Protein chains: 2
Amino acid sequence: MAVQTVAPSTDAPAVDLGPAAALSCRECGERFALGPIFACELCFGPLEVAYDLPVGDPEGLRKKIESGPENIWRYAPLLPVPADVASKPNLNPGWTKLVKADNLARELGVTGGLYIKDDSGNPTHSFKDRVVAQALEAARAFGFTTLSCSSTGNLAGAVGAAAARAGFRSCVFIPHDLEQGKVVMAAVYGGDVVGIEGTYDDVNRFCSELIGDPLGEGWGFVNVNLRPYYGEGSKTLAYEICEQLGWEIPDQLVIPIASGSQLTKIDKGLQELIKLGLVADKPYRIFGAQAEGCSPVSAAFKAGHDVVRPQKPDTIAKSLAIGNPADGPYVLDIARRTGGAVEDVDDATVVEAIKLLARTEGIFAETAGGVTVGVTRKLIEAGLLDPTLTTVVLNTGDGLKTLDAVEPTTGPTATIPASLEAFRAAGLATD
Amino acid sequence: MAVQTVAPSTDAPAVDLGPAAALSCRECGERFALGPIFACELCFGPLEVAYDLPVGDPEGLRKKIESGPENIWRYAPLLPVPADVASKPNLNPGWTKLVKADNLARELGVTGGLYIKDDSGNPTHSFKDRVVAQALEAARAFGFTTLSCSSTGNLAGAVGAAAARAGFRSCVFIPHDLEQGKVVMAAVYGGDVVGIEGTYDDVNRFCSELIGDPLGEGWGFVNVNLRPYYGEGSKTLAYEICEQLGWEIPDQLVIPIASGSQLTKIDKGLQELIKLGLVADKPYRIFGAQAEGCSPVSAAFKAGHDVVRPQKPDTIAKSLAIGNPADGPYVLDIARRTGGAVEDVDDATVVEAIKLLARTEGIFAETAGGVTVGVTRKLIEAGLLDPTLTTVVLNTGDGLKTLDAVEPTTGPTATIPASLEAFRAAGLATD
């Protein structure tokens, strides 16, 4: 297996991943050389990327960013990627629209400014392109030649697309009984797609075995052995939101929770911007959003627990359906520390919220977007989210990927013969 | 009906649509005041927008554009929209990626630089957002309150989304037997969707009747009475391609043909850029691409005809399936004048080309993109498209909208039990 020799407690990177200096354990703080590892050798805690950030010249850094490319690589000085990353073949995700949602704000009673960060504008139409792009650069740096992942569909497509463009081979693993549409999205990029006879948990277990076996030699699993790099991609959501608001942190953010990684990395990104002097230090509240049918973090938040009790997911919000979210405890900590909350909504509310967002702003979100919009409304009604403050709600994916969710309740207003009389009778003319 | 009084032969616009000065007949040249009209009163020729363009200061204009918003409104001085259009609620489409397609170039033997203009990055994931955005501003200017169209699906979604965001009512007309997925995409934005018992031709006829009836009072049909404005949106493809190439016209462009409007407007846009001094005047070749199952323009081109004989469409490239393309004769003229050609490919080639683009560049195109990529290859093989010249190929839509096309031939490489032995036996490990 291609795991690099790990030299604990040294900051000397063996590879060029830009400002990334080392991996550090989020639990015990132990540091490791940059490599395709994801768990601390001492305490088994998750590893994350530690940086030598370019502090001391916020004006220069801001100018450099603003004159950079219109994608995530404008933030290359803050990401685990080489400085020349923009010249390498990749999908150049990010710099998606931050939509001022005045119509939705009126419906929800938000007066302080409401924005949708719409990540459906990414190349494969979900935020996954951001994280996969980081994993791809790590894979390049570590000399991997095959890009892989375990996936329930969306991630497989993002990996397949990124690998195709970058000239990597890809081989992704999915449960064998996935909907045909998702299989098509994964397989169309020409990489190998392997259906595993079992559940998503079985797929995950299989991938862990493969990483430890010579069969997996030269394989970078974006969400396993490249996970510390992969996760950093979510920081770019924080960077973009603040830059698009004129280098200001919004008062409140509503973020979906699957593993919880995205929420914790957005918080990390905001902290970095403050440290670098790119934004003024100010209080902000982070809210987590789950579907009721998979709400382990929300349940723990409400019960006042520090640990998250796993659940068996049963919700239409499949992209958020992780019953045992690895970063759950960190999410709880961030929500509590920032004065936020974690809330959940049922599937009917998810559908209603997808339609609300579509009807008011012309944005067709996937179920995860229905979760965040639905939770936003619920939080306002409960007095937990302050409608007089600037609020950013994330939509992390595209409604075209979860048509099933709205299909049963979304149809024609009327079906009529091609005659003016029939149209008049349908009562749809303007008077 | 809300048709404005038309004062022939005057250039004084009754409404503020920026540099748009009048409508002029493409056949007889007669001019009409700006209004919701689409056919010449004298000769029934199609009307198009005539401009007072800001000539004389190319440097100033270029700077203004470059400092404008990252969407089509950077070109507001060249479009039939008011100067403050960017501040009005709309979907802000455009400024999509121009992808340097080096992998695809290698496969096709293109050495002069190959680019994909990828319009799947638009808000509702097709180029339709560009044209609908223009129609919306015209509707605002003419005081319409309902936005409408006849559609086979994609346009209905683009209209529904744009109307929702802009606070317009929408009511769109589709054939009653459309696939459920397309109905969902049209209806999810909350406007009225009316299924007409009949074919798309019946839907079109019905809409023409409705425009002439008091029932249609206050209705703007983007592709009928607002068509002259609507069509101008396609010019932005020409503007963006040239700006993204560093204010240079590419040597060759491959453009899909449905009605032919897009191709003619791209040519119009290029001519405007030359006139304004924003790009150097140079020869360029425009190639049109059709599916064999709906290839009336290609057939006429090959036969040396000036007129286009209608066909009954039968192809998977449904977004291009217009059997009697209104702008067919103009397309023939442009292809011949510029030294281009019009070519078609069969459905199997369309599917193969979708996969080729996905496999090489990670771009999942809709069938129209398969048509342009497939035709590009065919034109190179025939010696009609010069592989040593800079070539831009349009992808006008997203593969997620035409999953059916690739589904029968796109599946998992293997389905195996969750064991390393089974994986080894599948022969997918790297050695």
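All figures in this text were calculated on a predicted structure; none of them were measured in a lab.

What counts and what doesn't
Positions within a chain are numbered from 1, following the residues in the order the chain's sequence is written. To label them, take the chains in the order written and letter them from A, then take the ligands in the order written and number them from 1. Only residues with pLDDT of 70 or above have their local features reported here, since the model is predicted, and side-chain atom pairs are shown and tallied only from 80 upward, although totals for entire chains, interfaces and linings are computed over all residues. Note: side-chain values were computed over all heavy atoms of the structure, leaving out hydrogens and water. Helix and strand definitions follow DSSP, with helices as H or I runs of at least four residues and strands as E runs of at least two, each counted in order from the N terminus. A radius of gyration in this sense is built from C-alpha atoms; the matching globule rule multiplies 2.2 Å by the number of residues raised to 0.38. Should any heavy atoms of two residues lie within 4.5 Å, those residues are considered in contact. Shrake-Rupley sampling with a 1.4 Å probe provides the accessible areas, and residues are treated as covered by the protein chains on show and by no other component. Asp and Glu are treated as the negative residues and Lys and Arg as the positive ones, with His and the ends of the chain left uncounted. Charge positions come from single atoms, namely NZ of Lys, CZ of Arg, CG of Asp or CD of Glu. The pairing criterion is simple: DSSP has to find at least two bridges between the two strands. Aromatic contacts are taken between Phe, Tyr and Trp rings whose centres are within 6.5 Å, Trp giving its six-membered ring; a plane angle under 30 degrees counts as stacked, one over 60 as edge-to-face, and the others as tilted. Burial classes follow relative accessibility: with a 1.4 Å probe on protein chains only, a residue under 20% of its type's maximum area counts as buried, one over 50% as exposed, and anything between as partly exposed. By definition, the buried area sums, over both parts, the 1.4 Å-probe accessible area that each loses when the two are put together. Here, a salt bridge means any side-chain nitrogen of Lys or Arg that lies within 4 Å of a carboxyl oxygen of Asp or Glu. UniProt positions are given in the numbering used here, feature names are shortened, and annotations may be inferred rather than shown by experiment. When the copies are overlaid, the least-squares fit takes in C-alpha atoms only where the residue has pLDDT of at least 70 in both copies. Here the nonpolar core consists of buried residues drawn from Ala, Val, Leu, Ile, Met, Phe, Trp, Tyr and Cys, with membership extended through side-chain atoms lying within 4.5 Å. Domains are outlined according to an automatic or database domain assignment. The convention used is that axes are lines fitted to C-alpha atoms, helices contributing only their stretch in contact, and that angles between N-to-C directions extend from 0 to 180 degrees. Here the word oblique covers every angle except those under 35 degrees (roughly parallel), over 145 (roughly antiparallel) and from 65 to 115 (roughly perpendicular). Each residue gets one label: Ala, Val, Leu, Ile, Met, Phe, Trp, Tyr, Cys and Pro are nonpolar, Asp, Glu, Lys and Arg are charged, and the others, such as Gly, are polar. Helices are assigned an expected span. That span is 1.5 Å times one less than the residue count.

Let's shift gears to the overall build of chain A. For chain A, the helix and strand inventory stands at 15 helices and 14 strands. Expected size for 431 residues packed as a compact globule is a radius of gyration near 22 Å; at 22 Å, chain A falls within 12% of this value. Counting contacts in chain A only where the partners sit at least 6 residues apart, residues at least 24 apart contribute 69% of the total. Roughly 14,700 Å² of accessible area belongs to chain A as shown, and the carbon and sulfur atoms make up 51% of that amount. Charged side chains of chain A number 37 positive and 54 negative; the gap between the two group centres comes to 3 Å.

Take the sheet that holds strand 1 (residues 20–25) of chain B next. All names here are of chain B. The antiparallel open sheet is built from 3 strands, whose spatial order is 2-1-3. The two strands at the open ends of the sheet, each matched to only one other strand, are strand 2 (31–32) and strand 3 (47–51). As paired elements, strand 1 and strand 2 share 2 bridges and run antiparallel to each other. Looking at strand 2, one finds that leucine 23 is bridged to phenylalanine 32.

Scanning the entire structure with this criterion turns up 22 aromatic pairs over all chains. Arranged with centres 5.8 Å apart and planes meeting at 75 degrees, the rings of A:Phe423 and B:Phe206 form a pair that is edge-to-face. Linking A:Phe423 in helix 15 (residues 420–426) with B:Phe206 in helix 6 (residues 200–211), this pair reaches from one chain into another. Comparing A:Phe423 with B:Phe206, the two get one shared label, buried.

Now for the interface of chain A and chain B. Each partner contributes to the interface: chain A provides 73 residues, whereas chain B provides 73 residues. Between chain A and chain B, the buried area comes to about 6,200 Å², and carbon and sulfur atoms account for 61% of it. Of all residues in chain A, the largest losses of buried area upon contact with chain B belong to A:Arg165, A:Leu215 and A:Leu420, amounting jointly to 11% of the total for that side. Counting across the chain A and chain B interface gives 2 salt bridges. Two residues, B:Arg165 and A:Glu361, come together in a salt bridge whose shortest N-O distance is 2.4 Å.

All names here are of chain B. For strand 3, a buried count of 5 out of 5 residues is recorded, marking the element as mostly surrounded by other parts of the structure. Pairing of strand 1 with strand 3 involves 5 bridges; the strand directions are antiparallel. Each bridged residue has a counterpart across the sheet, and for cysteine 25 the counterpart in strand 3 is leucine 47.

What follows deals with the UniProt feature "domain: Tryptophan synthase beta chain-like PALP" (unreviewed entry) in chain A. Residues annotated in UniProt with the feature "domain: Tryptophan synthase beta chain-like PALP" (unreviewed entry) correspond here to residues 93–397 of chain A. Segment residues 93–397 of chain A splits into 44% helix and 17% strand. End C-alpha atoms: 13 Å apart.

As a further point, take the pattern of salt bridges. Applying the stated rule across the entire model yields 54 salt bridges over all chains. Between A:Lys265 and A:Glu232 there is a salt bridge; the shortest N-O distance is 3.3 Å. One end of the pair, A:Lys265, is in helix 9 (residues 261–275); the other, A:Glu232, is in helix 7 (residues 227–232), with 33 residues separating them in the sequence. The two residues A:Lys265 and A:Glu232 agree in class, both being buried. Among the salt bridges present, the one from B:Glu179 reaches B:Lys182, with a minimum N-O distance of 3.9 Å. Relative accessible area serves as the criterion here: at 12%, B:Lys182 is assigned to the buried category. Salt bridges sharing partners connect three or more residues here, namely A:Arg26, A:Glu48, A:Glu232, A:Lys235, A:Lys265, A:Lys268, A:Glu272 and A:Asp327.

What follows covers helix 8 (residues 235–244) of chain B. Side chains of residues three or four places apart in an α-helix project in the same direction, reflecting 3.6 residues per turn. All names here are of chain B. Most of helix 8 is tucked away, with 9 of its 10 residues classed as buried. Looking at helix 8, one finds that the buried residues are Lys235, Thr236, Leu237, Ala238, Tyr239, Glu240, Ile241, Cys242 and Glu243. Phi for glycine 246, located one or two positions after helix 8, is positive at around 80 degrees.

To continue, consider the relation of the copies chain A and chain B. Note on the identical chains: chain A maps onto chain B by a rotation of 180 degrees and an axial translation of 0.0 Å, with an RMSD of 0.0 Å. One copy is carried onto the other by what is essentially a two-fold rotation axis. Closest approach to the rotation axis among the C-alpha atoms of chain A is made by A:Gly121, whose C-alpha sits 3.0 Å away. Both copies contact each other with a shared surface, as 100% of the interface residues of chain A are interface residues in chain B too.

Our focus in this paragraph is the nonpolar core. Formed by 267 residues in total, the largest nonpolar core has its most connected members in A:Leu147, A:Leu226, A:Tyr229, A:Leu270, B:Leu147 and B:Leu270. Once residues lying within four places of it in the same chain are set aside, the contact partners of A:Leu270 are A:Ala238, A:Cys242, A:Ile249, A:Leu253, A:Tyr284 and A:Ile286.

Residues and elements named next belong to chain A. The domain architecture assigned to chain A consists of domain 1 (1–52 + 128–232) and domain 2 (98–125 + 234–406). Averaged C-alpha coordinates put domain 1 and domain 2 at centres separated by 25 Å. At the junction of the two partners, domain 1 supplies 20 residues and domain 2 supplies 23 residues. When domain 1 packs against domain 2, the two sides together hide about 1,800 Å² of surface, and 38% of this comes from carbon and sulfur. Where domain 1 packs against domain 2, one counts 8 salt bridges.

Here we come to the side chain of A:Lys401. Relative to the helices and strands, A:Lys401 is located in the loop between strand 13 (391–395) and helix 14 (403–406). Among buried charged residues, A:Lys401 stands out as having no salt bridge; its nearest opposite-charge side chain is A:Asp129, 6.8 Å away. Contact partners of A:Lys401, with chain neighbours within four places excluded, come to A:Thr124, A:His125, A:Ser126, A:Asn154, A:Lys182, A:Met185 and B:Leu400.

Next up on the list: the packing of helix 12 (residues 347–361) of chain A against helix 13 (residues 367–381) of chain A. All names here are of chain A. The interhelical angle for the contact between helix 12 and helix 13, taken along N-to-C directions, is 90 degrees, at an axis separation of 7 Å. The pairing of helix 12 with helix 13 is recorded here as roughly perpendicular in orientation. Residues Thr349, Val350, Glu352, Ala353, Ile354, Leu356 and Leu357 of helix 12 pack against Thr367, Gly370, Val371, Val373, Gly374 and Arg377 of helix 13. Considering only residue class, the contact of helix 12 with helix 13 consists of 7 nonpolar, 4 polar and 2 charged.

Moving on, we come to the sheet that holds strand 3 (residues 47–51) of chain A. Strand pairing in a sheet relies on backbone hydrogen bonds, with the paired strands running either antiparallel or parallel. Strand order across the open sheet formed by 3 strands is 2-1-3 (chain A), with antiparallel pairing between neighbours. Of all strands in the sheet, those bounded by a partner on one side alone are strand 2 (31–32) and strand 3 of chain A.

Residues and elements named next belong to chain A. Taking 1.5 Å per residue, 15 residues should reach 21 Å; helix 13 reaches 21 Å between its end C-alpha atoms and fits that length. The buried fraction of helix 13 amounts to 12 of the 15 residues, a majority that puts the element mostly inside the structure. Turning to helix 13, its buried residues are Thr367, Ala368, Gly369, Gly370, Val371, Thr372, Val373, Gly374, Val375, Thr376, Leu379 and Ile380. Taken from the residues just after helix 13, glycine 383 is the one with a positive phi, measuring 75 degrees.

Residue and element names in this part refer to chain B. When you line up the elements, glycine 277 lands in the loop between helix 9 (261–275) and strand 11 (285–291). Looking at glycine 277, the relative accessible area reads 32%, which means it is partly exposed. Between the alpha carbons of glycine 277 and glycine 68 there is a distance of 18 Å; along the sequence they are 209 residues apart. Contacts of glycine 277, omitting those with residues within four sequence positions, involve Pro58 and Arg62.

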